[in-house]
Amino acid sequence: MFTTDAGTRSILPPEYGELVTKPVEALSVAYLTGDKVTTSANKYIVPILASDVTAGAVAEGAEITPSDADFDELEIIPAKFAALTIVSRELADDSNPSAADQIGKSIARQIANRVDNALFNSLGGVNPDGFADLTGISTVSAPAAYVNLDPFEEAVSKSEAAGGRITHWVTGAATALEIAKLKDTSGSNRGLLNPDLAVEGRRTILGRPVVISPYVPADVVYGISKDDFLVVTREDTRLDVDHSAYFSSDRVGVRGTMRVAFAMPVPAAHVRITNAAS
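Structure report, in brief. These figures come from a predicted structure and were not determined experimentally. Throughout, a residue's number is its position along its own chain's written sequence, starting from 1. In view of the model being predicted, local features appear only for residues whose pLDDT reaches at least 70, and side-chain atom pairs are presented and counted only at 80 or more, with totals across whole chains, interfaces and linings using the full set of residues. Based on all heavy atoms of the structure, the side-chain values leave hydrogens and waters out of the count.

## Comments concerning the packing of aromatic side chains
Any Phe, Tyr or Trp ring, taking Trp's six-membered ring, that has another such ring centre within 6.5 Å forms a pair; planes under 30 degrees apart are called stacked, those over 60 apart edge-to-face, and the others tilted. Evaluation of the coordinates by the stated rule reveals 7 aromatic pairs. When the ring of Phe 152 is compared with that of Trp 169, the centres are 5.0 Å apart and the planes differ by 85°; the resulting orientation is edge-to-face. Taken together, the residues Phe 152 in helix α5 (residues 150–161) and Trp 169 in strand β6 (residues 168–171) connect sequence positions 17 residues apart. Comparing Phe 152 with Trp 169, the two get one shared label, buried. On the numbers, 6.2 Å between centres and 50° between planes, the contact of Phe 229 with Phe 262 is tilted. Residue Phe 229 is located in the loop between β10 (220–224) and β11 (230–234), and its partner Phe 262 is located in strand β13 (residues 251–263); the two are separated by 33 residues in the primary sequence. There is no split in this pair, since Phe 229 and Phe 262 are both buried. By way of ring pairs, the aromatic residues Phe 120, Phe 131, Tyr 222, Phe 229 and Phe 262 are connected into one cluster. Helix and strand assignments come from DSSP, with helices taken as H or I runs of at least 4 residues and strands as E runs of at least 2, each series counted from the N terminus. Each residue is placed in one exposure class: buried if its accessible area under a 1.4 Å probe, protein chains only, is under 20% of its type's maximum, exposed if it is over 50%, and partly exposed if it falls in between.

Written out as structure tokens, the structure is:
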């Protein structure tokens, strides 16, 4: 006869969910470049102002014509990201916080990678829609080989025309290196890019930091307006441990789950720069 132990050892304390949440937020480009909003519901509604009220000059004592603002709604359903790791029973049962912290970090790295992959690539299925799926995003065509920062100036202008404000550039390491090699004049060793004083080793383009992500496709740079990019996160992040699934090897399964989705209520505030080489 087989029985299942439903004791307290089958689940870690609820506060252990922070061992997943905090490292994911620290590691994920999504949380670095967007505004985090937290919800306890399975749906998050973002109101979008479709048209303003009407205003104009009115004679003294004349009636003011009333008008209404029109709103649309953007419905966001956070998708579940999950990771499973197998550890020794001794480590899982260790009451030392550092042991639990290391388990949480291992799972968080996996979840952060999957979140960023969904943000910059059209994956379909149960994955949330990211910038690759965004209809109405502003676009800029760059030359096959960068010679100046004109494509980035154009991107800033297009974002501003839509009411946005680019705060970060995100691209892959190869594209970032190509841009970093640009010089201010022919024969000069002085680069066009400036160092980011907030993060050692990171550079800026037009005053905006350049963030590297391996999940941005080759020859693509995203200009992200942080005020127009929401990272919707459910509150019920969990870190669960089960002692029965790997009983024969005296190991323990540790599972982390986190629900995340993205909202870009003003698509044109963000810009995709595509290198002609792609």
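## Notes on the sheet that holds strand β9 (residues 208–212)
Paired strands, in this sense, are two strands between which DSSP finds at least two bridges. Ordered by their spatial adjacency, 7 strands build an open sheet running β5-β14-β10-β6-β9-β8-β7, and the pairing between neighbours is mixed. The sheet terminates laterally at β5 (138–142) and β7 (194–195), the two strands that pair on one side only. Here α5 sits on the sheet in contact with β5, β6, β8 (203–205), β9, β10 and β14 (271–275), set at roughly 170° to β5. Residue contacts are counted whenever heavy atoms from the two residues lie within 4.5 Å of one another. Each axis is a line fitted through C-alpha atoms, taken for helices only over the stretch in contact, and angles between the N-to-C directions span 0 to 180 degrees.

## A few points about the environment of Glu 75
Relative to the elements of secondary structure, Glu 75 occurs in strand β3 (residues 70–76). What makes Glu 75 partly exposed here is its relative accessible area of 46%. Distance from Glu 75 to Pro 47, taken between C-alpha atoms, is 8.8 Å for residues 28 residues apart in sequence.

## Some details on the pairing of β9
Extensive coverage of β9 is indicated by the burial of 4 of its 5 residues. In this structure, β6 lies alongside β9, joined through 3 bridges in parallel fashion. Paired with Val 170 across the two strands is Val 211, which belongs to β9. Inspection of the sheet shows β8 paired to β9 by 2 bridges, in the antiparallel sense. Across the sheet, the residue bridging to Ile 205 is Arg 208, located in β9.

## Observations concerning the nonpolar core
By nonpolar core we mean a set of buried residues, namely Ala, Val, Leu, Ile, Met, Phe, Trp, Tyr and Cys, connected to one another through side-chain atoms within 4.5 Å. Ranked by internal contacts, the top residues of the largest apolar core, which has 39 residues, are Ile 111, Phe 120, Phe 131 and Phe 262. The biggest single contributor to this core is helix α4 (residues 97–120), with 9 residues. Here Phe 120 is in contact with Val 29, Phe 131, Ala 132, Val 170, Ser 213, Tyr 215, Val 216, Pro 217, Tyr 222 and Ile 224, once residues within four sequence places are set aside. Counting residues in each nonpolar core, the second largest holds 18 residues, with Val 140, Tyr 146, Ala 155 and Leu 193 among its members.

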